[in-house]
Amino acid sequence: MKKLILIALILVAASSLSAAGRWSAILDVAPLIPQGDLAEAYDIPSGMMGAGTGYEVGFRLRQAHRNSALSIAMNIGKPGKYSDANGDDPFDVSASIFRCSADYTWYMPTQRNAVQFFLTAGGSLNHNVYKDEYLNDGEFFEHGVNAIGANLGVGAKKGEFEFTLSYHVNRFDTIQIWDGVENYNWDYVTARVGIILPTY
(Lines give C-alpha, C1' and ligand atoms only; values in the text may rest on other atoms or scores of the structure.)
Protein backbone atom coordinates (compact mmCIF):
# COMPACT_ATOMS: atom_id res chain seq x y z
CA MET A 1 0.00 0.00 0.00
CA LYS A 2 2.86 2.43 0.83
CA LYS A 3 4.39 1.84 -2.60
CA LEU A 4 1.08 2.54 -4.32
CA ILE A 5 0.70 5.78 -2.35
CA LEU A 6 4.21 6.90 -3.30
CA ILE A 7 3.66 6.03 -6.97
CA ALA A 8 0.44 8.07 -6.85
CA LEU A 9 2.31 11.04 -5.35
CA ILE A 10 4.99 10.83 -8.04
CA LEU A 11 2.31 10.78 -10.74
CA VAL A 12 0.61 13.80 -9.15
CA ALA A 13 3.98 15.59 -9.12
CA ALA A 14 4.48 14.72 -12.78
CA SER A 15 1.04 16.03 -13.74
CA SER A 16 1.69 19.28 -11.86
CA LEU A 17 4.63 20.03 -14.16
CA SER A 18 2.17 21.11 -16.81
CA ALA A 19 0.82 23.83 -14.51
CA ALA A 20 1.80 27.48 -14.86
CA GLY A 21 5.37 28.17 -13.85
CA ARG A 22 8.95 28.11 -15.12
CA TRP A 23 10.15 24.62 -16.01
CA SER A 24 13.64 23.30 -16.52
CA ALA A 25 15.45 20.07 -17.33
CA ILE A 26 18.53 19.22 -15.29
CA LEU A 27 21.35 16.69 -15.70
CA ASP A 28 22.81 15.47 -12.41
CA VAL A 29 26.07 13.74 -11.52
CA ALA A 30 27.35 12.99 -8.04
CA PRO A 31 29.78 10.91 -6.03
CA LEU A 32 27.81 8.34 -4.02
CA ILE A 33 29.16 7.77 -0.50
CA PRO A 34 27.78 4.57 1.09
CA GLN A 35 26.41 4.53 4.63
CA GLY A 36 25.00 1.79 6.87
CA ASP A 37 25.46 -1.81 5.70
CA LEU A 38 26.89 -0.66 2.38
CA ALA A 39 29.83 1.06 4.06
CA GLU A 40 30.68 -1.51 6.74
CA ALA A 41 33.57 -3.91 6.20
CA TYR A 42 32.56 -6.96 4.16
CA ASP A 43 31.04 -9.63 6.41
CA ILE A 44 28.69 -12.32 5.08
CA PRO A 45 26.97 -13.30 8.36
CA SER A 46 26.03 -9.65 9.08
CA GLY A 47 25.07 -8.56 5.56
CA MET A 48 27.84 -5.95 5.35
CA MET A 49 28.86 -5.01 1.80
CA GLY A 50 32.25 -3.31 2.07
CA ALA A 51 31.28 -0.90 -0.72
CA GLY A 52 33.44 2.07 -1.60
CA THR A 53 32.57 5.48 -3.02
CA GLY A 54 30.73 5.24 -6.32
CA TYR A 55 28.60 7.51 -8.47
CA GLU A 56 25.03 8.51 -9.23
CA VAL A 57 23.75 10.02 -12.49
CA GLY A 58 20.26 11.22 -13.25
CA PHE A 59 17.81 13.50 -15.02
CA ARG A 60 15.23 15.86 -13.51
CA LEU A 61 12.23 17.83 -14.72
CA ARG A 62 11.47 20.77 -12.43
CA GLN A 63 8.61 23.26 -12.25
CA ALA A 64 9.42 26.47 -10.35
CA HIS A 65 6.85 28.68 -8.60
CA ARG A 66 8.33 31.83 -7.04
CA ASN A 67 10.44 30.60 -4.10
CA SER A 68 9.67 26.90 -4.44
CA ALA A 69 9.84 24.10 -6.99
CA LEU A 70 8.53 20.60 -7.55
CA SER A 71 10.52 18.04 -9.52
CA ILE A 72 10.50 14.43 -10.63
CA ALA A 73 13.71 12.54 -11.26
CA MET A 74 15.20 9.26 -12.43
CA ASN A 75 18.61 8.27 -11.05
CA ILE A 76 21.00 5.33 -11.27
CA GLY A 77 23.47 4.82 -8.41
CA LYS A 78 26.48 2.48 -8.31
CA PRO A 79 28.43 2.19 -5.04
CA GLY A 80 32.00 1.01 -5.46
CA LYS A 81 32.19 -2.79 -5.63
CA TYR A 82 34.02 -5.01 -3.16
CA SER A 83 36.59 -7.43 -4.59
CA ASP A 84 38.24 -10.37 -2.84
CA ALA A 85 39.15 -14.02 -3.41
CA ASN A 86 37.97 -17.34 -2.02
CA GLY A 87 41.19 -19.28 -2.28
CA ASP A 88 42.24 -18.97 -5.94
CA ASP A 89 38.77 -17.90 -7.07
CA PRO A 90 38.35 -14.08 -7.17
CA PHE A 91 34.89 -12.59 -6.72
CA ASP A 92 33.13 -9.22 -6.82
CA VAL A 93 30.23 -8.03 -4.67
CA SER A 94 28.28 -5.04 -5.99
CA ALA A 95 25.11 -3.03 -5.51
CA SER A 96 22.97 -0.91 -7.82
CA ILE A 97 20.24 1.55 -6.85
CA PHE A 98 17.62 2.69 -9.37
CA ARG A 99 15.61 5.61 -7.95
CA CYS A 100 12.41 7.34 -9.13
CA SER A 101 11.65 10.34 -6.92
CA ALA A 102 9.47 13.39 -6.36
CA ASP A 103 11.09 16.32 -4.55
CA TYR A 104 10.04 19.68 -3.12
CA THR A 105 12.58 22.52 -2.99
CA TRP A 106 12.32 25.78 -1.05
CA TYR A 107 14.61 28.64 -2.14
CA MET A 108 15.76 31.20 0.38
CA PRO A 109 15.20 34.84 -0.60
CA THR A 110 18.26 36.44 -2.18
CA GLN A 111 19.42 39.37 -4.28
CA ARG A 112 19.21 39.15 -8.05
CA ASN A 113 22.16 37.24 -9.62
CA ALA A 114 23.50 36.24 -6.19
CA VAL A 115 24.08 32.68 -4.99
CA GLN A 116 20.72 31.23 -3.92
CA PHE A 117 20.60 28.67 -1.12
CA PHE A 118 17.85 26.08 -0.84
CA LEU A 119 16.45 23.15 1.13
CA THR A 120 15.05 20.06 -0.56
CA ALA A 121 13.17 16.97 0.59
CA GLY A 122 11.40 14.13 -1.19
CA GLY A 123 10.30 10.54 -1.40
CA SER A 124 11.31 7.83 -3.83
CA LEU A 125 10.64 4.35 -5.09
CA ASN A 126 13.97 2.50 -5.14
CA HIS A 127 14.92 -0.74 -6.85
CA ASN A 128 17.97 -2.18 -5.08
CA VAL A 129 20.03 -4.89 -6.78
CA TYR A 130 22.59 -7.09 -5.02
CA LYS A 131 25.04 -9.10 -7.13
CA ASP A 132 27.99 -11.36 -6.36
CA GLU A 133 30.04 -12.98 -9.13
CA TYR A 134 32.91 -15.47 -9.22
CA LEU A 135 35.19 -14.25 -11.97
CA ASN A 136 36.91 -17.48 -13.02
CA ASP A 137 33.81 -19.47 -13.91
CA GLY A 138 31.34 -16.61 -14.40
CA GLU A 139 28.86 -17.92 -11.83
CA PHE A 140 26.82 -15.21 -10.16
CA PHE A 141 23.85 -14.55 -7.89
CA GLU A 142 21.63 -11.50 -8.34
CA HIS A 143 18.56 -10.35 -6.43
CA GLY A 144 16.48 -7.16 -6.62
CA VAL A 145 14.29 -5.61 -3.93
CA ASN A 146 11.95 -2.61 -4.12
CA ALA A 147 11.86 -0.12 -1.25
CA ILE A 148 10.35 3.20 -0.24
CA GLY A 149 13.04 5.85 0.24
CA ALA A 150 13.37 9.45 1.38
CA ASN A 151 15.95 12.20 1.02
CA LEU A 152 16.81 15.51 2.66
CA GLY A 153 19.33 17.99 1.33
CA VAL A 154 20.76 21.50 1.29
CA GLY A 155 22.24 23.27 -1.67
CA ALA A 156 23.21 26.40 -3.57
CA LYS A 157 22.36 27.62 -7.07
CA LYS A 158 24.23 30.07 -9.25
CA GLY A 159 23.34 30.65 -12.88
CA GLU A 160 23.01 27.35 -14.73
CA PHE A 161 24.70 25.28 -12.01
CA GLU A 162 23.61 24.00 -8.64
CA PHE A 163 25.22 21.94 -5.89
CA THR A 164 23.21 19.74 -3.49
CA LEU A 165 24.41 17.70 -0.52
CA SER A 166 21.76 15.03 0.26
CA TYR A 167 21.22 12.14 2.63
CA HIS A 168 19.19 9.27 1.16
CA VAL A 169 17.31 6.81 3.36
CA ASN A 170 17.14 3.43 1.60
CA ARG A 171 16.18 0.43 3.76
CA PHE A 172 14.46 -2.85 2.96
CA ASP A 173 13.70 -6.37 4.17
CA THR A 174 14.45 -9.59 2.32
CA ILE A 175 15.52 -13.15 3.15
CA GLN A 176 16.85 -13.82 -0.36
CA ILE A 177 20.37 -12.37 -0.15
CA TRP A 178 22.18 -13.79 2.89
CA ASP A 179 20.97 -16.50 5.27
CA GLY A 180 19.95 -15.15 8.67
CA VAL A 181 19.85 -11.51 7.55
CA GLU A 182 16.47 -9.87 6.89
CA ASN A 183 16.99 -6.13 7.40
CA TYR A 184 19.28 -4.08 5.17
CA ASN A 185 20.37 -0.46 5.48
CA TRP A 186 21.60 0.86 2.13
CA ASP A 187 21.53 4.56 3.05
CA TYR A 188 23.93 6.83 1.17
CA VAL A 189 25.07 10.43 0.73
CA THR A 190 25.42 12.31 -2.56
CA ALA A 191 27.20 15.58 -3.39
CA ARG A 192 25.32 16.38 -6.58
CA VAL A 193 26.24 18.84 -9.31
CA GLY A 194 23.29 19.81 -11.49
CA ILE A 195 23.56 21.39 -14.94
CA ILE A 196 20.40 23.26 -15.93
CA LEU A 197 19.80 22.75 -19.64
CA PRO A 198 18.70 25.65 -21.89
CA THR A 199 14.95 25.91 -22.51
CA TYR A 200 13.21 27.63 -25.38
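For the structure, check the block above.
This one's a predicted model, so the numbers in the text were calculated from it and none came from an experiment.

### Section: the pattern of salt bridges
Working step 1: Counted under the stated rule, the structure contains eight salt bridges.
Working step 2: A salt bridge links R192 to D28, with the shortest nitrogen-to-oxygen separation between them at 3.7 Å. With R192 in strand β10 (residues 188-196) and D28 in strand β1 (residues 22-34), this residue pair connects regions lying 164 residues apart in the sequence. Each member of the pair R192 and D28 is classed as buried.
Working step 3: Close ionic contact of K81 with D92 constitutes a salt bridge, the shortest N to O distance being 3.2 Å. Of this pair, K81 sits in the loop between β3 (68-80) and β4 (82-86) while D92 sits in strand β5 (residues 89-107), and the two are 11 residues apart along the sequence.
Working step 4: A single salt-bridge network, built from bridges that share partners, covers D28, R60, R62, E162 and R192.

### Points about the pairing of β5
Working step 1: Burial of β5 is extensive: 14 of the 19 residues sit out of reach of the surface.
Working step 2: Strand direction decides the pairing type here: β3 and β5, joined by 10 bridges, are antiparallel. Within the sheet, the bridge partner assigned to N75 lies in β5 and is R99.
Working step 3: Here β4 pairs with β5 via five bridges, running antiparallel. Residue N86 lies in a different strand from β5, and its bridge partner there is D89.
Working step 4: In textbook terms, the turn of a hairpin is the stretch between consecutive antiparallel strands, and for β4 and β5 this stretch comprises two residues, one of which, G87, has a positive phi near 70°.

### Notes on the side chain of R62
Working step 1: Structurally, R62 is set in strand β2 (residues 52-65).
Working step 2: At 3.0 Å, the side chain of R62 and the side chain of E162 are in polar contact.

### Points about the packing of aromatic side chains
Working step 1: In the structure shown here, the tally under the stated rule is nine aromatic pairs.
Working step 2: Pairing F91 with Y134 gives two aromatic rings, centres 5.6 Å apart and planes at 50°, and the pair type is tilted. Placement of the pair is F91 in strand β5 and Y134 in strand β6 (residues 116-134), with a sequence separation of 43 residues.
Working step 3: A residue is classified by how much of its surface remains accessible, and F91, at 9% relative accessible area, is buried.
Working step 4: The partly exposed category is assigned to Y134, whose relative accessible area is 27%.
Working step 5: The rings of Y42, Y82, F91, Y130, Y134, F141 and W178 are connected pair by pair, giving a single aromatic cluster.
Working step 6: Looking at K131, its charged tip hangs above the ring of F140, at a distance of 5.0 Å from the centre.

### Quick look at the nonpolar core
Working step 1: In this structure, L38, M49, Y130, F172, W178, Y184 and W186 are the most contacted members of the largest nonpolar core, which totals 19 residues.
Working step 2: At the level of secondary structure, the elements contributing two or more residues to this core comprise β5 and β7 (140-158).
Working step 3: Top contributing element to this core by residue count: β5, with four residues.
Working step 4: Residues within four places of F172 in sequence aside, it is in contact with N128, V145, N146, A147, I177, E182, N183, Y184 and W186.

About the criteria used
- Residues numbered from 1 in each chain as written.
- Predicted model: local features only at pLDDT ≥ 70, side-chain atom pairs only at ≥ 80, totals over all residues.
- Heavy atoms only, no water.
- Salt bridge = Lys/Arg side-chain N within 4 Å of Asp/Glu carboxyl O.
- Helix = DSSP H or I, 4+ residues; strand = E, 2+ residues; numbered from the N terminus.
- Buried < 20%, exposed > 50% of the residue type's maximum accessible area, 1.4 Å probe, protein only.
- Pairing = 2+ DSSP bridges.
- Polar contact = N/O pair within 3.5 Å; in protein donor to acceptor, adjacent residues only side chain to side chain.
- Phe/Tyr/Trp six-rings, centres within 6.5 Å; stacked < 30°, edge-to-face > 60°.
- Lys NZ or Arg CZ within 6 Å of the ring centre and 35° of its normal.
- Core = buried A, V, L, I, M, F, W, Y, C linked by side-chain atoms within 4.5 Å.
- Contact = heavy atoms within 4.5 Å.

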